[in-house]
Number of protein chains: 2
Amino acid sequence: MNKEITIYDIAKGIGVSPTTVSRALNNHPAVKEKTKKKIFQAASEMGYQSNVFAANLRSKKTNNIGVIVPSLNSSFQASVLAGMEKIASEAGYNLVITQSLESSEKEIANTLSMFKSRVDGLIVSLASEAEKLEHFEPFHKKGIPVLFYDRVANSRDSVGVTIDNIHAAQIATNHLIEQGCKNIVHVLGSTKISVYAERLKGFKYALIDNGMIFKEDQVIVLDKIDENGAEYVVDKILNLNPLPDGLFVSNDACAASCMNQLIQKGIKIPEDIALVGFNNEVISRLVHPKITTINYPGVEMGEVVMRNLINHLDEPETMLLQNTNKITLRSDLIIRDSSLKKK
Amino acid sequence: MNKEITIYDIAKGIGVSPTTVSRALNNHPAVKEKTKKKIFQAASEMGYQSNVFAANLRSKKTNNIGVIVPSLNSSFQASVLAGMEKIASEAGYNLVITQSLESSEKEIANTLSMFKSRVDGLIVSLASEAEKLEHFEPFHKKGIPVLFYDRVANSRDSVGVTIDNIHAAQIATNHLIEQGCKNIVHVLGSTKISVYAERLKGFKYALIDNGMIFKEDQVIVLDKIDENGAEYVVDKILNLNPLPDGLFVSNDACAASCMNQLIQKGIKIPEDIALVGFNNEVISRLVHPKITTINYPGVEMGEVVMRNLINHLDEPETMLLQNTNKITLRSDLIIRDSSLKKK
């Protein structure tokens, strides 16, 4: 690495005093505009980097915000990060992003690494394995804000941004019942993850509300709910007797893949089985028939989480976050052909 | 924010000297294992953060790697970032991620911000608007490595990781010609972006190789090639006389959406128009018919870029990067039903 450029080099280069250079770079009114311009230009040409480390040592602020996602390779998480980055970058913050790969161990290591590198705030969507929350204690102790989104912590002293997963599952299940379904199967991910546990509740509540009895074989749980889980699901479904007449799958890619495999086996969608997915991913609009789904606004969720965190960082005296426990975003059912038995 | 915990607090807390605490935290052999353990535990319980700023001030290393992507909300970029994060986190580096949103202005601002925050290295996939590369000069001057991927810089002194886009477009086009297509249309993004410019070359080369004449109306250019561009494309195609018999679309989501709209207009795929996409996204496997596409290995690309950067950072004396200009990954044509006129 080349020699570090200092204000002394700049001063020497254009024949002014180091004090003048320092003042100009800090936009001091005592330096003439013309001189400032000359100094800025020289600083830029010589490759001067203002000494952020020393500056940080004084202000104790890094302007970095840590984000821990379960997996970066997810279209939902991609949309959330896009929303976060937009707000953070407008406010002058950088995102430091890691993935837990659904491992509690890696989540703890990531959290520790974020703490050590002194992020100004931390945003987390929990790993499926994560059951304990002690690794966030050091942040609480130092007053560094921690916000959760999508997969939130079930604890009094944290802030979580979610959709109402219970309600969303209720409206999805109610819709299938309205279409005449009497025997609905719900496909979901591990109930250790808050979102799936809540959607399962909503599914059961909708059955109860409609006077139906819930049976254990109406639920198919996948370790990882995505395109690759469909074979297992379809196999399970085809072995049910009678065949279900409704299917509520908690992920669009998995729903699309299930639908294709069911159609291949000669089952008509929606006539034989009406189908509802979750997330409103691009895929739900491009398969045939198009999939009825819950609109989960990823970009907006990213924006809301980040805006709340930054408002708190910039004006901690408002105590806004201290008094907030939960922020719930709007989500809706988008009705398409995959579920419309009655047209 | 609460009071900063120092080694003096830890020393006082457990009744040893500050020197012993400092030595223990740096794993000095002179401190007994039992004492070390006690000190580590106290440091953890009290919420001690090692003074990374002061440490950085000495080592001039942040262990942060900057990544600038055109858009975070993209399934291809999501897979690349997943690959990058895996390698970086194993090697103890953090990713600082920003998006240029295809704006040259924002790319320049992001680059400057990365330079000021002193990333150890920078990885960039260029914005479509980016034509000049001067904003990377400060990095070159200071010997901070800059690597490009996917959308790479056409310059001698940079390292770029890509697939062979010319070759990929050639095999896609050759395949359509082998299927009997005589009038193929190529849909692509702005040719200011290297990947599209190269694929257009490959398309033309394949025509020439097969003794066909290239006409300007065989190319449809979209500002942004995605699901939403399909309406414009289908409209253009249906106004061509004669109708093309082959379609090579440089993005799977756009290809899938075009296919659906063409089918709706009564056009048979592949019988009337044979279709080839690009990227091998999940969507290409879940639509009907399944889409023939070029496998673009995003996760692997992320891994290769990051591994090369970190090898260079950890062992700059090998000069590996200085002598490398281009790294090309394997890409293949995956043949599915959307293009198979001859079965």
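Predicted, not measured: the structure shown is a model, and the values here were computed from it. (Residues numbered from 1 in each chain as written. Chains lettered and ligands numbered in written order. Predicted model: local features only at pLDDT ≥ 70, side-chain atom pairs only at ≥ 80, totals over all residues. Heavy atoms only, no water.)

## Brief notes about helix H11 (residues 252–264) of chain B
Residue and element names in this part refer to chain B.
So, step 1. Look at H11: 18 Å from first C-alpha to last across 13 residues, which is about the 18 Å you get at 1.5 Å a residue.
So, step 2. Among all positions in H11, only Asp252, Ala253, Cys254, Ala255, Ala256, Ser257, Cys258, Met259, Asn260 and Leu262 are buried.
So, step 3. One side-chain oxygen of the residue at the start of H11 lies 3.0 Å from the amide nitrogen of Ala253, identifying that residue as Asn251. (Helix = DSSP H or I, 4+ residues; strand = E, 2+ residues; numbered from the N terminus. Expected span 1.5 Å × (residues − 1). Buried < 20%, exposed > 50% of the residue type's maximum accessible area, 1.4 Å probe, protein only. Polar contact = N/O pair within 3.5 Å; in protein donor to acceptor, adjacent residues only side chain to side chain.)

## Details of the packing of aromatic side chains
Residue and element names in this part refer to chain A.
So, step 1. Inspection of every chain in the model, using the stated rule, returns twelve aromatic pairs over all chains.
So, step 2. Geometrically, the ring pair formed by Phe115 and Phe139 is edge-to-face, given 5.2 Å between the ring centres and 70° between the ring planes. Here Phe115, found in helix H6 (residues 104–116), pairs with Phe139, found in helix H7 (residues 137–142); they are 24 residues apart in sequence, far enough to count as distant. Residues Phe115 and Phe139 agree in their burial class; the two are buried.
So, step 3. Pairing Phe278 with Tyr296 gives two aromatic rings, centres 6.4 Å apart and planes at 70°, and the pair type is edge-to-face. With a gap of 18 residues between them, Phe278 in the loop between strand S9 (274–276) and helix H12 (282–286) and Tyr296 in the loop between strand S10 (293–295) and helix H13 (298–314) connect regions that are remote in the sequence. (Phe/Tyr/Trp six-rings, centres within 6.5 Å; stacked < 30°, edge-to-face > 60°.)

## Details of the nonpolar core
So, step 1. Met84(A) and Met84(B) are the most contacted members of the largest nonpolar core, which totals 151 residues.
So, step 2. The contacts of Met84(A), once residues within four sequence positions are left out, are Val67(A), Leu95(A), Ile123(A), Tyr149(A), Gly302(A), Glu303(A), Val305(A) and Met306(A).
So, step 3. One finds Met114(A), Leu122(A), Ile144(A) and Phe148(A) within the second-largest nonpolar core, a separate group that totals 30 residues. (Core = buried A, V, L, I, M, F, W, Y, C linked by side-chain atoms within 4.5 Å. Contact = heavy atoms within 4.5 Å.)

## Focus: the packing of helix H1 (residues 7–14) of chain A against helix H2 (residues 18–25) of chain A
Residues and elements named next belong to chain A.
So, step 1. Close contact between H1 and H2 brings their axes to 8 Å; oriented N to C, the two are set at 110°. In terms of their interaxial angle, H1 and H2 are classed as roughly perpendicular. Like other packed secondary-structure pairs, H1 and H2 cross with a definite hand, here right-handed. Across the interface between the two elements, Ile7, Tyr8, Ile10 and Ala11 of H1 pack against Pro18, Val21, Ser22 and Leu25 of H2. (Axes fitted to C-alpha atoms, helices over the stretch in contact; angles between N-to-C directions. Parallel < 35°, antiparallel > 145°, perpendicular 65-115°, else oblique. Left-handed = near helix turned anticlockwise from the far one by under 90°.)

## Quick look at the domain arrangement of chain A
All names here are of chain A.
So, step 1. The assigned domain composition of chain A is domain 1 (7–50), domain 2 (62–162 + 298–330) and domain 3 (165–296 + 333–339).
So, step 2. Summed over both partners, the interface of domain 2 with domain 3 comes to about 860 Å²; 51% of that surface belongs to carbon and sulfur atoms.
So, step 3. There are zero salt bridges connecting domain 2 and domain 3.
So, step 4. When residues of the side of domain 2 that touches domain 3 are traced back to their parent elements, those giving at least two are helix H5 (75–90) and H13.
So, step 5. Its residues assigned to classes, the side of domain 2 that touches domain 3 comprises three nonpolar, three polar and three charged. (Domains from an automatic or database assignment. Buried area = accessible area lost by both parts, 1.4 Å probe. Salt bridge = Lys/Arg side-chain N within 4 Å of Asp/Glu carboxyl O. Nonpolar A, V, L, I, M, F, W, Y, C, P; charged D, E, K, R; others polar.)

## Quick look at the side chain of Asn279(B)
So, step 1. Topologically, Asn279(B) is positioned in the loop between strand S9 (274–276) and helix H12 (282–286).
So, step 2. Among the polar contacts made by the side chain of Asn279(B), one reaches the side chain of Glu281(B) at a distance of 3.1 Å.

## A few points about the relation of the copies chain A and chain B
So, step 1. Overlay of chain A on chain B (RMSD 0.1 Å): rotation 180°, translation along the axis 0.0 Å. Taken together, the rotation and translation relating the two chain copies correspond to the operation of a two-fold axis.
So, step 2. An overlap of 96% is found between the interface residues of chain A and their copies at the interface of chain B, pointing to a shared contact surface. (Least-squares fit on C-alpha atoms with pLDDT ≥ 70 in both.)

## Digging into the interface of chain A and chain B
So, step 1. Taken together, the contacts link 55 residues of chain A with 53 residues of chain B.
So, step 2. At the boundary of chain A with chain B, total buried surface from both sides reaches about 5200 Å², with 55% on carbon and sulfur atoms.
So, step 3. At the boundary of chain A with chain B, the tally comes to four salt bridges.
So, step 4. Of the charged contacts, one joins Glu85(B) and Lys106(A) as a salt bridge, the two residues approaching to 3.4 Å between their closest N and O atoms.
So, step 5. One can count 15 residue pairs in polar contact (both at pLDDT 80 or more) joining chain A with chain B.

## With respect to helix H13 (residues 298–314) of chain B
So, step 1. Over its 17 residues, H13(B) extends 24 Å from the first C-alpha to the last, a length consistent with the 24 Å expected when each residue adds 1.5 Å.
So, step 2. Of the positions making up H13(B), those classed as buried are Gly298(B), Met301(B), Gly302(B), Glu303(B), Val305(B), Met306(B), Asn308(B), Leu309(B), Ile310(B), His312(B) and Leu313(B).

## A look at the sheet that holds strand S4 (residues 146–149) of chain A
So, step 1. Taken in spatial order, the twelve strands of this open sheet run S11(A)-S5(A)-S4(A)-S3(A)-S1(A)-S2(A)-S2(B)-S1(B)-S3(B)-S4(B)-S5(B)-S11(B), and their pairing is mixed. The open sheet has two edge strands with one neighbour each: strand S11 (326–329) of chain A together with strand S11 (326–329) of chain B. Neighbour-to-neighbour, the strand axes of the sheet open up by a mean angle of 20°, direction not taken into account.
So, step 2. As paired elements, strand S1 (residues 64–69) of chain A and strand S3 (residues 121–124) of chain A share four bridges and run parallel to each other. Bridge pairing in S3(A) links Ile65(A) to Gly121(A).
So, step 3. Where helix H5 (residues 75–90) of chain B meets the sheet, it contacts strand S2 (94–99) of chain A together with strand S1 (64–69), strand S2 (94–99), strand S3 (121–124) and strand S4 (146–149) of chain B, and its direction lies at approximately 80° from that of S2(A).
So, step 4. Those strands touched by helix H6 (residues 104–116) of chain B are S2 of chain A together with S1, S2 and S3 of chain B, and its axis lies near 180° from that of S1(B). (Pairing = 2+ DSSP bridges.)

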